Amino acid sequence: MMVDSPDRPEPLTGDRNLETEEFVVNMGPQHPSTHGVCRLILTMDGEVIKKVVPDIGFLHRSIEKIAENRTYHQFMIYTDRIDYVSSMNANHAWCVAVEKLAGIEVPERAEYLRVIMAELNRIASHLVFLASFAIDLGAVTPFLYAFRERERIVDLFEMTCGQRLTYNYMRIGGVSKDVPKDFVSETKKFCSYLYPRVDEYEAILTENPIFLGRTKGIGLLDLPTAINYSVSGPPLRGSGLKWDIRKDEPYSAYEKFDFDIPTGENGDTWDRYKVRIEEMRQSARIVEQALEGLPEGGIKAKVPARFRPPQGEAFARIEAPRGEMAYFIVSDGSTKPYRVKIRTASFCNLQALPVMARGWKIADIVAIFGSLDIILPEVDR
Amino acid sequence: MRAARQVWSGVYNLVLGLVTVFKHLGHKAITLQYPDERMPMFERSRGVVVLLSDPETGKLNCTACMVCARICPVYAIDLERSEEPDPETKKRYPVKFEIDNTTCAFCGLCEEACNFDAIKLTGKYEFSVYDQKTLLYDRDFLQELGRDVPYEKKKKPLPKAKAAPKADPTSPKPEEPASPKPEESPEESPGEDKPEA
């Protein structure tokens, strides 16, 4: 029964002047699809996004400043916490930078072990991307599958270094522990297990009409814009540039392995997803090759406990799952770095979000943001 | 024609996805019902830190050489050294050994640095408590925790190490037990920053 109330607005009639105005929506900081604590300030015109301002800094822990108060060995555990989804790669970048600074030769076996761990971690990180991306778009099943596979990688890590998230496995001049006896066979088993699983994800998602509707042609990032915003990693390769530090500026033992760099064509959300799916297969290939050719020998160069690198500075970068991760170290010859600057891929990739999201609907920003695969602690550091 | 192909592709891929999902129906669950079932922990698992004792004498292996306190990146270890009165052995032991589990990062650097198999990270992981203060583990509690932890002696046995552990270049220089701190130059000793940190 309709009740006539005085608060009820008059019904709209055709001759009334309908003025529209922009309004601001806060997405986050506590929003499940911002993958952490990121606040997106969206200026909306109806349902269309006119402007996005990412408000970051909620997770700032001043890790760069902490580095000035820790020795080179001690800072290793803080690199774990910069990017907790791919700690091995963060460890690796720090090791490469310090070794470059001090000119330390790393044993061959240690380099191979580092590559194996970094690539396994890349697969794990992309699985987390796949899981969260799928569940953001409403596909719950791949989320469970991806975490099931990640569990096996994490078990391999725990078997080797004892931790499941913050590995602290690599050391300046090598790695902390040699792999246990059954690691090689278990990892080989895992690699052969992974290929059909990736096919499975593709069967569920890649050509699914609902998934295509949510991703194909959404959030275009053309190549010049991507380069101008110094986007790196899968978003850059999704836009069509074949740029990968592992190939173009090989570090560790990457020049010895044969792998392809997948690229996309249009630079849309679907391309970025596809690049990561393909990278998982390539990473598994690298792991298999590295296990085949794993040399015998020492796992750690002699580095004193009171490690004092010479005065000077060094810059080293690696290809982390999210893009280029780089450390710039200035040393004054003491046991602690004078200054450390960390370049993380998430921070730079996030800067391209306003360009990518402009003009799309509010539902699409979840897909676009998810396809960048941002890790908020890495953005804020 | 193009529309028909799109419809066909859409239907095919939806069915393909569903078939993939249904293939998993008969599989056994990979999860465990946690409090009743537990995952076996790996040998190298890094959980709660314990102090190890000599199985024969029942005394702590720790000689309070301060290496662990110095390497700890989060300054979670606090220890004080004392000496046994016996003039023959003059064995050093920690009179106070505290680990703050609220700050411990379980990185394992202390275990790696230790030359006497005195400190170890174990696979124990259930240490939730209601009161934060109880997470500050003292020496006796850490020793009790480590009683049942098996370990292999990685370095030379203790009696020999007692006489000349100082020859090892990685271990710290011999220090006067009364005043261990002034020998260290201030910028090298992270352990000294502890009160401020």
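Keep in mind it's a predicted model, so treat the numbers as computed, not measured.

Caption draft 1: Broad picture of the overall build of chain B. When its secondary structure is counted, chain B shows five helices and five strands. Each of the 197 residues in chain B was classed as buried or not, and the buried ones make up 38%. If you sum the accessible surface of chain B, you get close to 12,600 Å²; carbon and sulfur atoms cover 58% of it.

Caption draft 2: Representation of the interface of chain A and chain B. Between chain A and chain B, the residue contacts involve 37 residues of the former and 30 residues of the latter. Among the salt bridges present, the one from E112(B) reaches R171(A), with a minimum N-O distance of 2.7 Å. For the side of chain A that touches chain B, the secondary-structure elements that each account for two or more residues are α2 (76-80), α5 (141-161), α6 (183-204) and α7 (209-215) of chain A. The leading source of residues in the side of chain A that touches chain B is α5(A), at eight residues. A per-class count over the side of chain A that touches chain B returns twelve nonpolar, twelve polar and 13 charged.

Caption draft 3: Molecular detail of the sheet that holds strand β2 (residues 39-45) of chain A. Residues and elements named next belong to chain A. Taken in spatial order, the three strands make up an open sheet running β1-β2-β3, and their pairing is antiparallel. In the strand order of this sheet, the two ends are held by β1 (23-27) and β3 (48-55), each with one partner. With direction set aside, neighbouring strand axes in the sheet form an average angle of 25°. Alignment of β2 against β3, held across seven bridges, turns out to be antiparallel. Looking at β3, one finds that T43 is bridged to K51.

Caption draft 4: The arrangement of the pattern of salt bridges in detail. Residues and elements named next belong to chain A. In the structure shown here, the tally under the stated rule is 42 salt bridges over all chains. Residues E279 and R237 are paired through a salt bridge, measuring 2.4 Å at the closest nitrogen-oxygen approach. With E279 in helix α11 (residues 269-292) and R237 in helix α9 (residues 234-238), this pair connects stretches of sequence that are 42 residues apart. As far as burial versus exposure is concerned, E279 and R237 are alike and both buried. With a shortest N-O distance of 3.7 Å, R322 and E378 are connected by a salt bridge. Of this pair, R322 sits in the loop between β6 (312-320) and β7 (323-331) while E378 sits in helix α15 (residues 376-380), and the two are 56 residues apart along the sequence. It is possible to trace a salt-bridge network through shared partners that takes in E119, R122, R237, D244, R246, E279 and E319.

Caption draft 5: Focus on a nonpolar patch on the surface. A cluster of nonpolar side chains, contributed by V7(B), V11(B), V15(B) and V19(B), occupies part of the molecular surface with about 320 Å² of accessible area. When you line up the elements, V7(B) lands in helix α1 (residues 2-23).

Cut-offs used in this document
- Residues numbered from 1 in each chain as written.
- Chains lettered and ligands numbered in written order.
- Predicted model: local features only at pLDDT ≥ 70, side-chain atom pairs only at ≥ 80, totals over all residues.
- Heavy atoms only, no water.
- Helix = DSSP H or I, 4+ residues; strand = E, 2+ residues; numbered from the N terminus.
- Buried < 20%, exposed > 50% of the residue type's maximum accessible area, 1.4 Å probe, protein only.
- Areas by Shrake-Rupley, 256 points an atom, 1.4 Å probe, with all protein chains shown as cover.
- Contact = heavy atoms within 4.5 Å.
- Salt bridge = Lys/Arg side-chain N within 4 Å of Asp/Glu carboxyl O.
- Nonpolar A, V, L, I, M, F, W, Y, C, P; charged D, E, K, R; others polar.
- Pairing = 2+ DSSP bridges.
- Axes fitted to C-alpha atoms, helices over the stretch in contact; angles between N-to-C directions.
- Patch = residues over 30% accessible without salt bridge, like charges linked within 9 Å, V, L, I, M, F, W, Y side chains within 5 Å.

Note that all results are geometric; they support no functional claim without further evidence.
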